[in-house]
Amino acid sequence: MTGYMEITQVCACEKPVQEKERRVKANAWDYNDRFSYADNRIKTSKYNIFTFLPINLFEQFQRVANAYFSVLLILQLIPEISSLSWFTTIVPLVFVLVITAVKDATDDYFRYKSDQQVNNRQSQVLIRGSLQNEKWMNVRVGDIIKLENNQFVAADILLLCSSEPYGLCYVETAELDGETNLKVRQALTVTSDLGDISKLMDFDGEVICEPPNNKLDRFTGTLYWKGNKYPLDNEKMLLRGCVLRNTEWCFGMVIFAGSQTKLMQNCGRTKLKRTSIDKLMNTLVLWIFAFLICMGVVLAIGHTIWETYVGTNFRVFLPWDTFQISAVFSGFLTFWSYIIILNTVVPISLYVSVEVLRLGHSYFINWDRKMYHSPMGTAAEARTTTLNEELGQVEFIFSDKTGTLTQNIMVFSKCSINGQMYGDVYDEFDQKVEITEKTACVDFSFNPLCDRRFKFFDSSLVEAIKMEDPAVQEFFRLLALCHTVMPEEKSEGNLVYQAQSPDEGALVTAARNFGFVFRARTPETVTLCEMGRSVTYQLLAILDFNNVRKRMSVIVRSPEGQIKLYSKGADTIIFERLDPSSENLMYTTSEHLSEFAGEGLRTLALAYKDLDEDYFKVWMKRLLFASTVIENREDQLAVLYDEIELGMKLLGATAIEDKLQEGVPETIACLNLADIKIWVLTGDKLETAMNIGYSCNMLRDDMNEVFVISGHSLQDVQQQLRSAKEHILGLSRVSSAGHVEKTDAFADDSVFEEAIIAEYALVINGHSLAHVLEPQLEHILLDLACLCKTVICCRVTPMQKAQVVELVKRHKRAVTLAIGDGANDVSMIKTAHIGVGISGQEGMQAVLASDYSFAQFRYLQRLLLVHGRWSYFRMCNFLGYFFYKNFAFTLVHFWYGFFCGFSAQTVYDQWFITLFNIVYTSLPVLAMGLFDQDVNDQNSLRYPSLYKPGQQNLLFNKRQFFLCTLQGMATSFLLFFIPYGAFPLMVKEDGSPFSDQQAFAVTIATSLVIVVSVQIGLDTHYWTAVNHLFIWGSLMVYFAILFAMQSDGLFGIFPSSFPFIGTARNCLSEKSVWLVVLLTTVVCVMPGLVVRFLRVDLFPTLTDKVRRLQQSRKKQGPQEQNLRRVRRTSSRRSAYAFSHQQGFGELITSGKNMRRSTVSSLCSPERIAQSHSSSWIENMLKRKNEISCASPESEGGAPESGNRAIQTRSKKSTQTELDI
């Protein structure tokens, strides 16, 4: 089935009804309709045929510039004040409105089609005594629907019954929380036998429950049926977005539908995303408009004064029009005339050009072959055209873990058996060789039941198996027996394992390939195929995993009658329970574990114990008694488990690779050098997330401190945050100043944020994050997080991800980017300034909600450091040049006003004013904005520090705008006054003077076009054939149009439209005019050229240095960046991540999940509750006399609960600075 797309869409637009509680009655439409609950329809499109035009125009005219040009158009329609034709404004305005409307309509049409695709999916609904196919959008609250295996759940439903015994079913929740392991849901006992249609039709139970909310892990309700009450919790619910697995069918009652489902409550609302440059341009437009009014006022006052004292002398032959009653009124009209003339300081062509540039930059991303993932056939895609330059200003990246940093694939990589390490490959000289795609795999053809997808490269392990090495055989026998995996044999030899944890699946698959195949299980037996021979073991007990024990054991009886205990778990836990005879082997295995951990592998120790029959019988009786006591049952069971698990013999250790996506550590290292902070927000438990942090080199052993925030109360969390912050600021002051004592003056933490030399990491658990996001703590979190190099948030809900992003957006005013691949990342992606989706293992939900998408996390490096930086650089240069040339063009009218009696006459020909921005100067600036680059892509990646100017907003800001406009004003001053001063001194070749205004206008216009063309040539860093064509071609087009429009032919046809007949021919044929043009060009360009030369020579920036280096190496050819992956050497063991919850042990031994009804085994132990104890990391730290900075607190699912878990060491700098 295709990906679950509606999570990417906005929740329904109708205003939600505030509910205190929800009442739903099965098979009672009339009753449920009284409450007006939301239907199951998803609507994300904004428009329809009738509302498109008014709504879209209203949205477009909210842009300041569009409203500004509309007012100008109205003014130009008034003949008394207009000195320019109306078409100079209306043509570009209509063009912009139409282009934007077409784009908006296209986007909305795709949203509509996506809506229809989701809403028209089919679901089986119980209607009038039979199952009928209904579209999803027609499913209503209270309906009873049937789901079949591998189907998506259409709404949030209460599980009533299933094809499995006891009303069990299995669901995959990857769309909700990113976890691919299966979860068990079980119906109420009273409804589990409602599998018959007639019984379901008679079912009239009423559910009273909580109102719609976004809490994925909680549901509270009560079922009222036949006069009885039955409590409901999250284990009875199937949420929209889940997929039914390993269950033939199930029935459920719809509780929440459509926009009120928990999935859609977490989706967040789609917000209009605008770049910081967009916002700055709106401010600048207001500034320019104010400046325009000031110029208009100055010229209007000048006109009034001139009319009063000078204009009276001209009224004899130039009388006033009848409506002009005074000089003041004449000045008022002149004010509006000058507003029209000078409006080109912000031409509407600017916005057209900006949209063209953004579209071009988007296509460059789409066409980049270096961001094309050939295995999946997926190219990078810019799904929006409005955020490209924002990619060059990112300061914070918020990343999901599963499927984003990792491939969501666990691989059995290496192992240590009886002191011998397996998994490495050696050449004929006994030198270890790196394993690549070309390395030959081990041949498993001897095993007809092997998994063909499994790869292993060390053939010596297969040889040991074939030689029947007892230790190796016992090792894989343990892996095949000690687990809670459920097998499914679809056909003979076609085994599919359904594991609660992907780690377990990888271990059982490894045992399968090495000849110990797990074939079947019942509540009391486990059947293996050992080297082709079927062997059935009696399952006597499962000592299940939980996050306190951190190990799992099984007790089995072999066919020979021997009783054995097999155990696997965290190495520090297992090592404490070993028999003294295993001491030497423990030291050897410990060295191997350290090597595995140094490679970022997830390790696990294996041990076994032979049990005496008599001892086991006594222990079993004690276990059965402890299982029935009321008080302290969990404590008594834990004591018994610990007792029997002592004195074990070590077998070895396994090393599993949670396969990172290619290039993840290198990408993270490169982005860190670009001063981009990366936060990992994941639904995984703390231990798993920290393991990936070490694998990615986000966490390293040479960091000064890793702070773990895991408090359960607001006060605990606040204390942990403050202690960590004071520790950083205090140590930093001492380390930087030596003699300075720690004080309370931490007023301006931003100063220390820049000065911190040591490296710290912050890890926060989900329940602690809930407290941290409270208003009174969020500032402390933000201050602490910004002092840390790495931040990891674990066990976070989708909405918490969005809240973290919003927190940084609101308080740091930094550009944020969120990247993920699952539905649980959608709210985060929508909240961030830029959302990036990865088309990965969890479907296309994140992609459909994103602004940019690609197949691999490593492409983010190129998206930001190359495309983002180039887009920002090009847009900034484009805007600076555009404002410069338009101020130079427009302000000539201002200077001319002082010499024409402030009469609102234009210097230039009207056609020149119309064509200047549309034809003469549009293409060169577009070429610069599309193709210019200060350094090439290789150097952009080689020197990540080049990215920092964008983060600091250095290339275009209010100061740069002021400098550009100042240069434009100076250029306009020179363009006017140099010809004005020269013309009285000039004579033609025939001796006649230059006395006509038209020749003066042509000279200024020609000088202007040449000056701005030379200037853009100097501003261009990267010349292409397109640049040459557009710059020099535009000059040629200018002269061609100039001579054509001032020719005799056009004057003969349109005498009133082309009054400058013969001016160009007469004027530009004079050498003195060209001398004036040359002088004007040199004087306008030389000051900027000199300043630029001195700045580059005396105060070169990093970009200048790299460009100079690039030019010197140009003959050597391009050099690709070669970031080598740094392998960490760690004393920290990468602990095994069994699952996010307690195991399936009780479920298996109870037989509830078996299709055949069997008697539950009397030897099934009760599950162990989580109790407070020291974490394994602390035990290790105590042995090494390392210091923990706060009291540990355990928490469900988070074994590392100490405040800080890594010893303080001297910092080793990882950032390499450019030294040129």
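Reading the values: rules and limits
- Residues numbered from 1 in each chain as written.
- Predicted model: local features only at pLDDT ≥ 70, side-chain atom pairs only at ≥ 80, totals over all residues.
- Heavy atoms only, no water.
- Phe/Tyr/Trp six-rings, centres within 6.5 Å; stacked < 30°, edge-to-face > 60°.
- Buried < 20%, exposed > 50% of the residue type's maximum accessible area, 1.4 Å probe, protein only.
- Helix = DSSP H or I, 4+ residues; strand = E, 2+ residues; numbered from the N terminus.
- Lys NZ or Arg CZ within 6 Å of the ring centre and 35° of its normal.
- Pairing = 2+ DSSP bridges.
- pLDDT = per-residue confidence, 0-100.
- Contact = heavy atoms within 4.5 Å.
- Axes fitted to C-alpha atoms, helices over the stretch in contact; angles between N-to-C directions.

Chemist: For this particular structure, what's the right way to read the packing of aromatic side chains?
Modeler: Aromatic ring pairs: the centre-centre distance and the angle between the two ring planes describe each pair. Inspection of every chain in the model, using the stated rule, returns 60 aromatic pairs. Both rings, one in Tyr31 and one in Phe35, keep their centres 5.5 Å apart while their planes meet at 70°; by these two values the pair is edge-to-face. Taking relative accessible area as the criterion, Phe35 reaches 28% and is therefore assigned partly exposed. Centre to centre, the rings of Phe398 and Trp679 are 5.3 Å apart; their planes meet at 75°, and the pair counts as edge-to-face. Highlighted residues: Phe398 in strand β15 (residues 394-399) and Trp679 in strand β29 (residues 677-681), separated in sequence by 281 residues. Judged by its relative accessible area of 0%, Phe398 falls in the buried class. Joined through ring pairs, the aromatic side chains of Phe894, Trp895, Tyr896, Phe898, Phe899, Phe902, Phe973, Phe976, Phe977, Tyr980, Phe983 and Phe1000 make up one cluster. In this structure, Arg22 packs its charged tip against the face of Tyr37, placed 3.8 Å from the ring centre.

Chemist: Which parts of the structure should I look at to understand the pairing of strand β32 (residues 790-793)?
Modeler: Regular strands place their side chains on alternate faces of the sheet. Of the two faces of β32, the one lined by Thr790 and Ile792 and the one lined by Val791 and Cys793 are each fully buried. Bridge count for β29 against β32 is four bridges, and the pairing is parallel. Note that in β32 the partner of Trp679 across the bridge is Val791. For strand β31 (residues 760-764) and β32, the ladder comprises four bridges, and the chain directions are parallel. Bridge pairing in β32 places Ala761 opposite Thr790.

Chemist: In this structure, what is going on with the confidence of the model for the protein chain? I would like to understand it.
Modeler: Reading predicted coordinates in detail is not appropriate for stretches of low pLDDT. When pLDDT is averaged along the protein chain, the result is 81; 83% of the residues meet or exceed 70. Mean pLDDT across the elements of the protein chain ranges from a minimum in helix α40 (residues 1176-1183), with 40, to a maximum in strand β13 (residues 249-256), with 95. Low pLDDT (under 50) marks residues 732-755, which in the prediction has 23 contacts with non-local residues, meaning those over four places away or in another chain.

Chemist: Honestly, the sheet that holds strand β12 (residues 243-245) in this entry has me stumped. Any pointers?
Modeler: Think of a sheet as strands paired side by side through backbone hydrogen bonds, with each pair either parallel or antiparallel. Strand order in the open sheet formed by three strands is β7-β6-β12, and the pairing between neighbours is antiparallel. Strand pairing shows two members of the sheet lacking a second neighbour, β7 (182-186) and β12, which therefore form its edges. Across this sheet, the average inter-strand angle for adjacent strands is 45°, counted without regard to direction. The pairing of strand β6 (residues 168-172) with β12 spans three bridges and is antiparallel. Looking at β12, one finds that Val171 is bridged to Leu244.

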